[in-house]
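Chain by chain, the residues run as shown.
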Amino acid sequence: MSSIRTLSPPFVLPRARLDDLFERLRARGYRVIGPRVRDGVIVLDTVKSSADLPVGYTDEHAPGRYRLRRRNDDAVFGFVVGPDSFKRTFLVPVQRLFRARRDGDRVRFSPEPVDTSKVALVGARGCDLAAIETQDEILAEGAHADPFYVARREAAFIVAVSCSESRSSCFCTSFGTGPRPTRGFDLSLTELLDGPHRFLVEIGSAEALEIATELGLSTASEQDQGAAAGIALRTSRGMERQLDTQGLREMLLSRLEHPHWQDVGSRCLACTNCTAVCPTCFCVDIVDKSSLDGESHERTRQHDSCFSADYSAVHGHPVRNDVAARYRQWLTHKLATWIDQFGRSGCVGCGRCITWCPAAIDLTREVARLRDDVSLETDP
Amino acid sequence: MTHPLVPHALRVLRRTQESHDTFTLEAEAPEGFAFSAGQFNMLHVPGVGECAISISGSPRRPGRLVHTIRVVGEVTRHLSALRSGDELYVRGPFGSPWPVERAHGQDLLLVAGGIGLAPLRPALYAALARPKRVRRVALAFGARSADDLLFARELERFRAQGATVGVTVDRATEGWQGPVGVVTKLLPELVVDPPSTVAFLCGPEIMMRFAARELERLGVAAEDVWVTLERNMKCGVGTCGHCQLGPYLICRDGPVFRYPRVSRLMTIREL
Ligand SMILES: Cc1cc2nc3c(=O)[nH]c(=O)nc-3n(C[C@H](O)[C@H](O)[C@H](O)COP(=O)(O)OP(=O)(O)OC[C@H]3O[C@@H](n4cnc5c(N)ncnc54)[C@H](O)[C@@H]3O)c2cc1C
Ligand code: SF4
Ligand code: SF4
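Residue numbering note: each chain is counted from 1, following its sequence as written. Note on labels: chains are lettered from A, ligands numbered from 1, in written order. Only residues with pLDDT of 70 or above have their local features reported here, since the model is predicted, and side-chain atom pairs are shown and tallied only from 80 upward, although totals for entire chains, interfaces and linings are computed over all residues. As a convention, hydrogens and water are excluded, and side-chain values are obtained from all of the structure's heavy atoms.

*Asks:* Give a description of the environment of Trp330 of chain A that names residues and reports values.
*Replies:* If you trace the backbone, Trp330 of chain A turns up in helix H10 (residues 323–342). Remark: the alpha-carbon pair of Trp330 of chain A and Cys350 of chain A, spanning 20 residues in sequence, is separated by 16 Å. Numbering of helices and strands runs from the N terminus, with a helix taken as a DSSP run of H or I at least four residues long and a strand as a DSSP run of E at least two residues long.

*Asks:* Got a sec to walk through the domain arrangement of chain A? Specific residues and values, please.
*Replies:* All names here are of chain A. Along its sequence, chain A is carved into domain 1 (11–96 + 103–237) and domain 2 (248–378). Each domain span listed reflects an automatic or database assignment of domains. Averaged C-alpha coordinates put domain 1 and domain 2 at centres separated by 26 Å. Any two residues whose heavy atoms approach within 4.5 Å at even a single point are treated as in contact. At the junction of the two partners, domain 1 supplies 36 residues and domain 2 supplies 33 residues. Two parts placed together each lose some accessible area; with a 1.4 Å probe, that loss summed over both constitutes the buried area. Summing both partners gives a buried area of about 3,000 Å² for domain 1 against domain 2, and 60% of it is carried by carbon and sulfur. For this analysis, a salt bridge means a side-chain nitrogen from Lys or Arg found within 4 Å of a carboxyl oxygen belonging to Asp or Glu. At the surface where domain 1 touches domain 2, the tally comes to five salt bridges.

*Asks:* Describe empty space enclosed by the protein, listing the residues and the values that go with them.
*Replies:* Residues and elements named next belong to chain A. Think of a 1 Å grid over the protein atoms and nothing else: a 1.4 Å probe that fits but is trapped marks a cavity, an open set flanked by protein within 12 Å on at least five of seven lines marks a pocket, and residues with an atom within 4 Å of a point count as lining. Grid points are joined across faces, edges and corners, and a volume is the space filled by probe spheres set on the points. By the definition in use, this model includes seven cavities of 30 Å³ or more. Computed from the structure, the largest cavity encloses a volume of approximately 130 Å³. Taken together, the elements giving at least two residues each to the lining of the largest cavity come down to helix H9 (273–277), H10 and helix H11 (352–355). Residue classes follow a fixed rule: Ala, Val, Leu, Ile, Met, Phe, Trp, Tyr, Cys and Pro count as nonpolar, while Asp, Glu, Lys and Arg count as charged, and any other residue, Gly among them, counts as polar. Looking at side-chain class alone, the lining of the largest cavity contains 14 nonpolar, two polar and one charged residues.

*Asks:* Which residues make up the confidence of the model for chain B, and what values go with them?
*Replies:* pLDDT measures how confident the predictor is about each residue, on a scale from 0 to 100. When pLDDT is averaged along chain B, the result is 95; 99% of the residues meet or exceed 70. What the predictor reports for the complex is a pTM of 0.93 with an ipTM of 0.92.

*Asks:* How would you sum up the pattern of salt bridges? Please name residues and give values.
*Replies:* Residues and elements named next belong to chain B. Scanning all chains against the criterion turns up 53 salt bridges over all chains. In this structure, the salt-bridge partner of Glu154 is Arg121, at a minimum N-O distance of 2.7 Å. Pair noted here: Glu154 is in helix H3 (residues 152–160) and Arg121 is in helix H2 (residues 117–129), with a separation of 33 residues, a long-range link. Residue Arg135 pairs with Asp193 through a salt bridge whose shortest N-O separation is 2.9 Å. Remark: Asp193 occurs in the loop between helix H4 (187–190) and strand E10 (197–202) and Arg135 occurs in the loop between H2 and strand E8 (136–143); sequence separation between them is 58 residues.

*Asks:* Account for H2 of chain B, naming residues and giving values.
*Replies:* Residue and element names in this part refer to chain B. Residue count minus one, scaled by 1.5 Å, sets the expected span of a helix. Compared with the 18 Å implied by 1.5 Å per residue over 13 residues, the 18 Å span of H2 between its first and last C-alpha is a close match. Between buried and exposed lies partly exposed: a residue is buried under 20% and exposed over 50% of the maximum accessible area for its type, with that area taken using a 1.4 Å probe on protein chains only. Counted residue by residue, H2 has eleven buried out of 13 residues, so it is predominantly covered. By the burial criterion, the buried members of H2 are Leu117, Ala118, Pro119, Leu120, Arg121, Pro122, Ala123, Leu124, Tyr125, Ala127 and Leu128. Elements in contact with the buried residues of H2: strand E4 (49–54), strand E5 (64–70), strand E7 (107–113), E8, H3 and E10.

*Asks:* So what's going on with the interface of chain A and chain B? Which residues, and what values?
*Replies:* With 49 residues of chain A at the interface, the matching set in chain B holds 41 residues. When chain A packs against chain B, the two sides together hide about 3,700 Å² of surface, and 55% of this comes from carbon and sulfur. If you sort the residues of chain A by the area they bury against chain B, Phe109, His144 and Gln341 of chain A come out on top, with a joint share of 15%. Where chain A packs against chain B, one counts three salt bridges. Between Arg106 of chain A and Glu87 of chain B there is a salt bridge; the shortest N-O distance is 3.1 Å. Two N or O atoms form a polar contact when they lie within 3.5 Å of each other; inside protein one atom must be a possible hydrogen donor and the other a possible acceptor, and for residues adjacent in sequence the pair counts only when both atoms belong to side chains. The interface formed by chain A and chain B contains 24 residue pairs in polar contact (both at pLDDT 80 or more). The set of elements that each furnish at least two residues to the side of chain A that touches chain B consists of strand E6 (94–103), strand E7 (106–111), helix H3 (126–139), helix H4 (147–154), strand E13 (284–290), strand E14 (296–303), strand E15 (313–314) and H10 of chain A. No other element matches the eight residues that H10 of chain A contributes to the side of chain A that touches chain B. Residue classes in the side of chain A that touches chain B are distributed as 23 nonpolar, eleven polar and 15 charged.

*Asks:* Explain the site of ligand 3 residue by residue, including any values.
*Replies:* Residue and element names in this part refer to chain A. Around ligand 3 lies a shell formed by Cys268, Leu269, Ala270, Cys271, Thr272, Asn273, Cys274, Phe307, Tyr327, Cys357 and Pro358. A cavity or pocket is said to hold a molecule if more than half of that molecule's atoms lie within 2 Å of its grid points. The cavity where ligand 3 resides is the largest cavity. Looking at the shell around ligand 3, its residues break down into nine nonpolar, two polar and no charged. Near is defined per residue: the residue qualifies when any heavy atom it owns lies within 4 Å of the molecule or strand.

*Asks:* Before we move on, can you summarise the side chain of His61 of chain A with the specific residues and values?
*Replies:* Residues and elements named next belong to chain A. With respect to the element layout, His61 can be found in strand E4 (residues 57–62). Polar side-chain contacts of His61 include one of 2.9 Å to the side chain of Thr355. In this structure, His61 is in contact with Tyr66, Val80, Val81, Arg167, Ser168, Ser169 and Thr355, ignoring residues within four places of it in sequence.

*Asks:* Could you give me a rundown of unusual backbone geometry, with the residues and numbers involved?
*Replies:* For the bond running from Gly178 of chain A to Pro179 of chain A, omega is 0°, close enough to zero to count as cis. Structurally, the position occupied by Pro179 of chain A is in the loop between strand E9 (156–161) and strand E10 (187–192). Note the cis peptide between Gly92 of chain B and Pro93 of chain B, where omega equals 0°. Position of Pro93 of chain B among the secondary structure elements: in strand E6 (residues 87–94). Not every positive phi belongs to a glycine, and Ala270 of chain A is a case in point at roughly 55°.

*Asks:* I'd like a description of the packing of helix H8 (residues 260–267) of chain A against helix H12 (residues 363–370) of chain A, backed by residues and values.
*Replies:* Residues and elements named next belong to chain A. Convention adopted: a line fitted to C-alpha atoms gives each axis, helices being fitted over their contacting stretch, and angles between N-to-C directions are expressed from 0 to 180 degrees. Two elements in contact, H8 and H12, have axes whose closest approach is 10 Å; the angle formed by their N-to-C orientations is 155°. By the angle between their axes, H8 is roughly antiparallel relative to H12. The two elements H8 and H12 meet at a crossing, and its hand is right-handed. On H12, the residues that touch His260, Trp261, Asp263, Val264 and Arg267 of H8 are Glu366, Arg369 and Leu370. A breakdown of the residues in the contact of H8 with H12 according to their chemical character gives three nonpolar, one polar and four charged. Any angle that is under 35 degrees is reported as roughly parallel, and any over 145 degrees as roughly antiparallel; angles of 65 to 115 degrees are reported as roughly perpendicular and all others as oblique. Handedness of a crossing is defined here by the sense of rotation of the near helix relative to the far one, left-handed for an anticlockwise turn of less than a right angle and right-handed for a clockwise turn.

*Asks:* So what about the pairing of strand E5 (residues 65–70) of chain A? Which residues, and what values?
*Replies:* Residues and elements named next belong to chain A. Pairing between strands is defined by DSSP: at least two bridges between the two strands are required. Sheet topology places E4 next to E5; six bridges connect them, and they run antiparallel. Bridge pairing links Ala62 to Arg65 in E5. Two successive antiparallel strands, E4 and E5, enclose a turn made up of two residues, where Gly64 displays a positive phi of approximately 75°.

*Asks:* Residues and numbers for the site of ligand 1, please.
*Replies:* Neighbouring ligand 1 are 22 residues; Gly316 of chain A together with Ala52, Arg70, Glu74 and Thr76 of chain B lie closest to it. The residues that come close to ligand 1 belong to more than one chain, namely chains A and B. When the free accessible area of ligand 1 is taken as 850 Å², the share hidden by the protein chains comes to 87%. Residue assignment for the shell around ligand 1 shows that the elements contributing at least two residues are E15 of chain A together with E4, E5 and helix H1 (74–80) of chain B. Of the residues forming the shell around ligand 1, the biggest block, four residues, is contributed by E4 of chain B. Each accessible area is a Shrake-Rupley result for a 1.4 Å probe, and residues are judged covered by the shown protein chains and nothing else.

*Asks:* Can you explain the sheet that holds strand E3 (residues 40–45) of chain B? Please cite residues and give values.
*Replies:* Residue and element names in this part refer to chain B. Spatially, the six strands line up as an open sheet ordered E4-E3-E6-E1-E2-E5, and their pairing is antiparallel. Two strands lie at the open edges of the sheet, namely E4 and E5, each paired on one side alone. Neighbour-to-neighbour, the strand axes of the sheet open up by a mean angle of 40°, direction not taken into account. Strand direction decides the pairing type here: strand E1 (residues 8–17) and E6, joined by four bridges, are antiparallel. Looking across to E6, one finds that Ala9 is bridged to Tyr89.

Written out as C-alpha cells, the structure reads:
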C-alpha cells in the first residue's frame, strides 16, 4: 500500500464535533457540499450540518441495481458512492464560455468570468480522489489548461473519507486507488465505530492543519491509528470484484475486431448513463446559440457522451454508427487508449457504471469475456 | 489565463470563389501570428457554430491568414457569405505540421483528393520557396470533375516553378482533355526515385489508403508516407474528446501522422 502523504501526525475528532469542522469550513468561506439522501439515492449537494448527511444509511449495489437501506448503527459514512461525483463541481454539466453581442458590423465577445467561490467537498472516496487527479491531468495540467476548471479546482477544500466497507460494484483495489485515500485531499477521515464514535483525521494540507489546530483536536492514539489501518485492510480484503489489469491495454488493443463487441453492442442501449456517472469521463460538446433577433449569442460547453451518434459525426454520418463501435470506443478508451493519451488509466474502479447501467452491463465482466476466460461461461 | 475556446476577430481582406462549392478567405492575421504547413484553425460563426479548417496559405506570409473552404453544412455556408471587410472569428493554430524538412535532399510527392489540396498547399509553397532544398516536387490531384478543380491557375504557376503536376477527374465532362480515374493512377509516373521519395497524402481516408498501398508497391517506404486525418472536432485543444482515433487525439497528436502509426487503425471499421 502506498504511503499516505500527510503534514502532521493524525488527530482524532469526536463524532459530536463533526459539526464544528463544518462550522470552521463555513467560517473560512467554504460552501460545504457532501452526500445526502434524495429520492432514495445518495446525491451530492449543499449540506448545512452533519444532520443532512445520510446518517444510518447504507447502499446496496449490483449491476443495474441500487437501493438504500437503514443500517443498525449511526454510521455517518456507512455507504459508498452514488451516481453523483465531484466531477459536477469542477467540470460543471453546463458551462457558459462567452457571450457575444453584435455591435454594428462587429461582434464583441465577453468571456465568462471564472467561478472562484470556495467549496469544501465532504466525503470524497479514494476512487473519487483518483478521478479528480485524472481529470486534473487533462484539464488543469495540459498545454491548454481550462480556466473554469482550474479556478474551481483551486477554490476547493477536499475532505476525504476512507471506506469502511466496499460494495459489490467496487474494484478500486484493482487500480490501487482505494479504499484508503493516500493523496489528493486536504483532510481525510476514517470513521471509527468501535468504542466512542469518532474519526481519525489525517492532514494533507497546511490549511487542514490550521483547521485542526483551531478545533483544538487531540493527537490520535496509536490504537486509533491501528484501528483505521485495520479498517482499510479489511475493506481491501473484502473486495470481491476484480479487474485483471495485467497486460490489459495490449489485450484490448489486440482485440479491436473481436466478435464480442457485437455481443455487448446488442445489449447496450446507448443510454449514456455510464458516461454520465463516470467521474473521469470528460467529453464535452461545444454549443453555440443565438437570440431570436440574432443580436446576441452565447457559447456553452456541456457534458457529452461517446454513446451518442452525433458525437462522432463527420460528413453527415457518425463514424461510430453501430452501438458496438461506441461501446468499444468507451471501454478501450477507459482501459487502454487513455494510457496512450494521458499516461494513466481512465478507470479508477469506482463501479458507478456497473450499478447505473440499465442493461446491467458490467465492464469487468466484458473484459473477462474478451480475455476469453472460460470460467465465466458457467456463470448464470 | 486566456480561454482557449474564445475566438479572435480578424478582418476579411478578400474572398475568392474557387469552384461551385469552394471558396477562399484571406484575412489579416493577428500581430505575431505564426503557423506551420498542415496546421488548422477553428473558424467560428457567432450563434451558429465552429469548424476545423486548415490554413491554406503560405507559412512564409503569416500576416495573411488564408483558408479554403468547401460548403457542406451550416457553418461553412455562413462562412461562404463573408465578404471583404467582414469579421472572421478564429482560434488557433492547432495540430501537427507536414514535416517538409524530411523532404530536404529528397523528392516530395503530394497526393490530394478534392478539398484535400487546400491543407497541402502550404507544404507546396514551402517546398517550392526553397527549390534547392527539396530535389523534385510533384503533385497528384484528383477531383470529382473538372468543375471541382481547385486553384487551376495556380497549378500552372506551380508547374512554371518546376513542380510536376498531375490532375485527374473521376468523371469527365465536355472539354476535359486530361486523365480520368482515381488519383492513384497518376502515381507511377510521378514517383521517379522511390527510395528517396517523401509523400504527403490528404483526402478521403479510402483514397489515402489506396494511395499509400500504391506507393508501397512502387517502392516508397511506408515511414516516408504521411497522411492527415479528420474526425469530428469541437475544441481543437485536446479536451473535448471528440476527435479520438484509438490512442490519438487527432487535434493534438495529428492531424498529420506518419502512415505506419495509423495504417492499422484506418482499416478498423467504425473505430
Ligand atoms: C483538422 C481538420 C481540417 C479541416 N480542413 C478543412 C479545410 O481546409 N477545408 C474544408 O472545407 N474543410 C476542412 N475540414 C472539414 C470541415 O471541418 C467540415 O467540413 C466542417 O466541420 C463542416 O462544418 P459545417 O458546419 O459546415 O457542416 P455541418 O452542418 O456541421 O455538417 C456538415 C457535415 O460535416 C460534419 N461535421 C460537422 N462538424 C464536423 C467536424 N468538426 N469535423 C468534421 N466533420 C464535421 C457533420 O457531421 C455534417 O454532416 C477539416 C476538418 C478537420 C478535422
Ligand atoms: S469506467 Fe466505471 S468503474 Fe471506471 S471510473 Fe468510470 S464509472 Fe467508475
Ligand atoms: S453500457 Fe449501459 S449505461 Fe452505458 S450506454 Fe450502454 S446501456 Fe447505457
